[in-house]
Amino acid sequence: VRFKFKGGIKMARRVFFSFHYDNDIYRSMTVRNSWVTQGKEVAGFVDKAEFERIKRQGEKAVHNWIDGQLNGTSVTVVLIGSDTLNRPFVQYEICQSLARNNGIIGVHINGIRDMRTQMVSNKGNVHTIIGYYKNGKAAYFDEICDGIYDYTLHKGYNNLGTWIESAAKAHNK
């Protein structure tokens with residue numbers, strides 16, 4: 001299902017993509033471009049110069065940018081490279097997505113060849129702490145997400161929409 005109906009108006013689902021910019025931008029762009037060519041809306045992508053400008057303004061500015069990008073999204077897709085889940089901004093994006101009751105899925109992108117180097121990367125560990133609950137208990141990514149997939153092995157180009165819809169429905173979105 002590509003669209004949901006809200007008040008009789010046909011709306012495309014808006015999805016936030018979370019990833020480790022420095023390591024995985026080219027692999028992430030492969031996923032983003034496949035999503036866009038299918039006529040779907042994305043959030044969470046910004047060019048390097050713009051991101052560097054935001055980062056120079058400090059952590060609060062980055063958090064504000066992330067919060068703005070998450071507005072109107074129903075699902076967060078974490079594009080998992082070798083070190084993605086250890087990145088503080090990715091962890092913030094995941095925690096903010098949880099607070100918004102977004103569906104969250106993990107998609108391994110390590111098997112996608114980097115457009116620049118033509119190399120694949122190591123597979124990221126999904127049993128990674130992404131934050132802590134109020135009671136101090138660790139929150140592991142593989143325990144809080146609505147599904148973990150491999151873009152290459154599970155034919156992500158054809159199936160990403162199904163994975164996203166499943167996560168959205170799990171959160172009544």
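Above this note sits the structure.
This section reports on the structure supplied with the text. (Residues numbered from 1 in each chain as written. Predicted model: local features only at pLDDT ≥ 70, side-chain atom pairs only at ≥ 80, totals over all residues. Heavy atoms only, no water.)

Okay, the nonpolar core next. In terms of nonpolar packing, the biggest core is built from 21 residues, with Val77, Ile105, Val107 and Leu160 touching the most fellow members. At five residues, helix α6 (residues 156-170) tops the list of elements feeding residues into this core. With residues near it in sequence (within four places) discarded, Val107 still touches Val77, Val78, Leu79, Ile80, Tyr149, Tyr151, Leu160 and Trp163. If you look at the next biggest cluster of nonpolar residues, it comprises 12 residues, including Ile80, Ile94, Ala139 and Cys145. (Core = buried A, V, L, I, M, F, W, Y, C linked by side-chain atoms within 4.5 Å. Buried < 20%, exposed > 50% of the residue type's maximum accessible area, 1.4 Å probe, protein only. Helix = DSSP H or I, 4+ residues; strand = E, 2+ residues; numbered from the N terminus. Contact = heavy atoms within 4.5 Å.)

With that settled, consider helix α4 (residues 88-99). Along its 12 residues, α4 runs 16 Å from first to last C-alpha, staying within 8% of the 16 Å computed at 1.5 Å per residue. Listed in full, the buried residues belonging to α4 are Val90, Tyr92, Glu93, Ile94 and Ser97. At its buried positions, α4 is contacted by β3 (14-18), α3 (59-70), β5 (75-80), β6 (103-108), β7 (129-132) and α5 (141-144). Looking one or two residues past α4, Asn101 carries a phi angle of roughly 60 degrees, positive in sign. (Expected span 1.5 Å × (residues − 1).)

Moving on, we come to the pattern of salt bridges. Enumeration over the complete set of coordinates arrives at four salt bridges. Linking Arg27 and Asp24 is a salt bridge whose minimum nitrogen-to-oxygen distance equals 3.5 Å. On the criterion of helical spacing, the pair formed by Arg27 and Asp24 is a turn pair, its members being three residues apart in helix α1 (residues 21-37). With a closest N to O distance of 3.8 Å, Lys123 and Asp150 form a salt bridge. Note that Lys123 is positioned in the loop between β6 and β7 and Asp150 in strand β9 (residues 148-150), a separation of 27 residues in sequence. According to the relative accessible area criterion, Asp150 is buried, its value standing at 6%. Taken together, the shared-partner salt bridges connect Asp24, Arg27 and Asp114 into one network. (Salt bridge = Lys/Arg side-chain N within 4 Å of Asp/Glu carboxyl O.)

Here we take up the packing of α3 against α4. Contact pair α3 / α4: the axes reach a minimum separation of 10 Å and the direction vectors enclose 40 degrees. One finds that α3 runs oblique with respect to α4. For the pair α3 and α4, the sense of crossing is right-handed. Of α4, the residues touching α3 (which contributes Glu59, Val62, His63, Ile66, Asp67 and Leu70) are Phe89, Tyr92, Glu93, Gln96 and Ser97. Residue classes in the contact of α3 with α4 are distributed as five nonpolar, three polar and three charged. (Axes fitted to C-alpha atoms, helices over the stretch in contact; angles between N-to-C directions. Parallel < 35°, antiparallel > 145°, perpendicular 65-115°, else oblique. Left-handed = near helix turned anticlockwise from the far one by under 90°. Nonpolar A, V, L, I, M, F, W, Y, C, P; charged D, E, K, R; others polar.)

This part takes up the pairing of β5. Judged by how many residues are buried, β5 sits mostly within the fold: six of six residues are covered. Here β5 shows no split at all, with Val75, Val77 and Leu79 on one side and Thr76, Val78 and Ile80 on the other all buried. With four bridges connecting them, β3 and β5 associate as parallel partners. Residue pairing for β5: Ser18 is matched across the bridge by Val78. Here β5 pairs with β6 via six bridges, running parallel. Directly across from Thr76, in β6, lies its bridge partner Ile104. Following the backbone out of β5, through α4 and into the adjacent parallel β6, one traces a crossover that is right-handed. (Pairing = 2+ DSSP bridges. Right-handed = clockwise from strand over helix to strand, strands pointing away.)

Nothing here speaks to function; it is all geometry.
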